[in-house]
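# Close look at the chain arrangement
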Amino acid sequence: MIVSTNPDVRKLVSQAMIDYPWLKLVRGKKHWRVHSERSQDFIPIPFTPSDTRRVIKNLWAQIRRLAELGLGLIAGKRR
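Computed from a predicted model, the values in this text were never measured in an experiment.

Moving on: the pairing of strand S1 (residues 23-27). Here S1 runs beside strand S2 (residues 32-36); their pairing, made up of 5 bridges, is antiparallel. Looking at the pairing, Leu23 lines up with Ser36 of S2. What sits between the antiparallel neighbours S1 and S2 is a turn of 4 residues.

Let us look at the sheet that holds S2. Across the sheet, 3 strands lie side by side as S1-S2-S3; this open sheet has antiparallel pairing. Both edges of this open sheet fall to S1 and strand S3 (42-44), since each of them pairs with a single strand only. Going from strand to strand, the sheet's axes swing by 25° on average, the running direction of each strand aside.

Attention now goes to the side chain of Asp41. Relative to the assigned elements, Asp41 resides in the loop between S2 and S3. The contact partners of Asp41, leaving out residues within four places of it in the chain, are Val34, His35, Ser36, Leu66, Gly70, Leu71, Gly72, Leu73, Ile74 and Ala75.

Core analysis: the largest hydrophobic core is formed by 17 residues, its most contacted members being Leu23, Ile45, Leu59 and Ile63. Those elements that place two or more of their residues in this core are helix H1 (7-19), S2 and helix H2 (52-69). Here this core takes 5 residues from H2, the largest share from any one element. Other than its neighbours up to four places away in sequence, Leu23 contacts Met17, Val34, His35, Ser36, Ile63, Leu66 and Ala67.

Let's shift gears to the environment of Thr48. When you line up the elements, Thr48 lands in the loop between S3 and H2. On the accessibility criterion, Thr48 (56% relative accessible area) is exposed. Linking Thr48 and Val9, residues 39 residues apart in sequence, is a C-alpha distance of 9.4 Å.

Rules used throughout
Residues numbered from 1 in each chain as written. Predicted model: local features only at pLDDT ≥ 70, side-chain atom pairs only at ≥ 80, totals over all residues. Heavy atoms only, no water. Pairing = 2+ DSSP bridges. Helix = DSSP H or I, 4+ residues; strand = E, 2+ residues; numbered from the N terminus. Axes fitted to C-alpha atoms, helices over the stretch in contact; angles between N-to-C directions. Contact = heavy atoms within 4.5 Å. Core = buried A, V, L, I, M, F, W, Y, C linked by side-chain atoms within 4.5 Å. Buried < 20%, exposed > 50% of the residue type's maximum accessible area, 1.4 Å probe, protein only.

Quick look at the structure:
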């Protein structure tokens, strides 16, 4: 299972799965998703990020927000 071509993104996602056991990886049509079993919300994982540092920082913030508050892509569209 390869969630991204970037090794930093793969490391970040695997660490998030250890830190937050209620988050699961789900395969989508184009991208893998981090799915929260608590809130039923998700965030997509970029497969080939262009700006690595920015993607790592933003992805970690999104994962943390999803795990702690239950806010993901679905909650973001309701605003």
